[in-house]
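Okay, here's what each chain looks like letter by letter:
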Amino acid sequence: MTAMQRTVLVVDDDPHIRDLLTFALQKAGLATREAADGEAALADIAAHAPDLVVLDINMPRMDGIEVCRRIRARSDLPVLFLSSRDDEIDRVLGIELGADDYVVKPFSPREVVARVAAILRRTARTPPVEPSGMLTHGRLTLDADGWRARWNGAEVPLTVTEFSIVRVLADGPRRVFSRDAIIDRVHGPGFAMTDRTIDSHVRNLRIKFAAAGGTDVVETRAGVGYQLGPCLGGPA
């Protein structure tokens, strides 16, 4: 990230948390901006177009979920949520919001920086490690260059993380991938992420494809992990 400095907007009503994260992100070579509430965050995004938003959920007046909802109505700007409760994961990574990842408070600034860096690598304009070209499996088509997924010719809007998971499965359509293997391929070896996060992303994938008729895109192998389905539109 030294070739072109990326900008991260830190949104939290707690100035101590903003200072802590700003210091850690700047130390990692990132430019930062700050916002103390949701309205200020939306105004900053419109004016300065950051590369990623670190967004607290529990803020007064306009909470982070509403901020993310408004962001998603306009763009695919990556969002990393800060959550005070682990059981909020299904909401922050949900189909309606499409957040890229989350961290539970109290957190390590180093963990936040690592997750931010991983998301920015995946959302770079020219991902250096991703294979290029088109991949077709049944009615599923993946455009690795454009980071777009289609079912039966119709585009299915996926977040970067969701697309990356489908791409991993599609690269080995006969293989069953453990959750750890998926994490390693999407984020890189040693990245800290819970199995529940992967499960939530897969659940969102299924919902999005099912809405387009793709009910058999991802199959679960009990006790092992996930596998690409036949992608023919049959029962899940």
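My aim in this report is to walk through the structure given alongside it, one point at a time. (Residues numbered from 1 in each chain as written. Predicted model: local features only at pLDDT ≥ 70, side-chain atom pairs only at ≥ 80, totals over all residues. Heavy atoms only, no water.)

Before going further, it helps to spend a moment on the packing of aromatic side chains. The tally for this structure, following the rule as stated, stands at two aromatic pairs. Plain terms: the ring middles of W147 and F163 are 5.3 Å apart, the flat faces sit at 40 degrees to each other, and that makes the pair tilted. On the criterion of sequence distance, the pair formed by W147 in the loop between strand 7 (140–143) and strand 8 (148–151) and F163 in helix 6 (residues 160–171) is long-range, its members being 16 residues apart. Judged by its relative accessible area of 4%, F163 falls in the buried class. Seen from their ring centres, W151 and F209 are 6.4 Å apart, and the 70 degrees between their planes marks the pair as edge-to-face. On the criterion of sequence distance, the pair formed by W151 in strand 8 and F209 in helix 8 (residues 195–211) is long-range, its members being 58 residues apart. Taking the relative accessible area as the measure of exposure, W151 reaches 3% and is therefore buried. (Phe/Tyr/Trp six-rings, centres within 6.5 Å; stacked < 30°, edge-to-face > 60°. Helix = DSSP H or I, 4+ residues; strand = E, 2+ residues; numbered from the N terminus. Buried < 20%, exposed > 50% of the residue type's maximum accessible area, 1.4 Å probe, protein only.)

Turning to the nonpolar core, a few remarks are in order. Grouped together as the largest cluster of nonpolar side chains are 27 residues, with contacts concentrated most on L140, L142, L158, I165, L169, I182 and F209. Within the residue set of this core, elements represented by two or more residues are strand 7, strand 8, helix 6, helix 7 (179–187), helix 8 and strand 12 (225–228). The element that contributes the greatest number of residues to this core is helix 6, accounting for six residues. Here F209 is in contact with L140, A149, W151, V156, L158, V166, G214 and V217, once residues within four sequence places are set aside. Of all hydrophobic cores here, the second largest spans 20 residues; its members include V11, L42, M62 and L77. (Core = buried A, V, L, I, M, F, W, Y, C linked by side-chain atoms within 4.5 Å. Contact = heavy atoms within 4.5 Å.)

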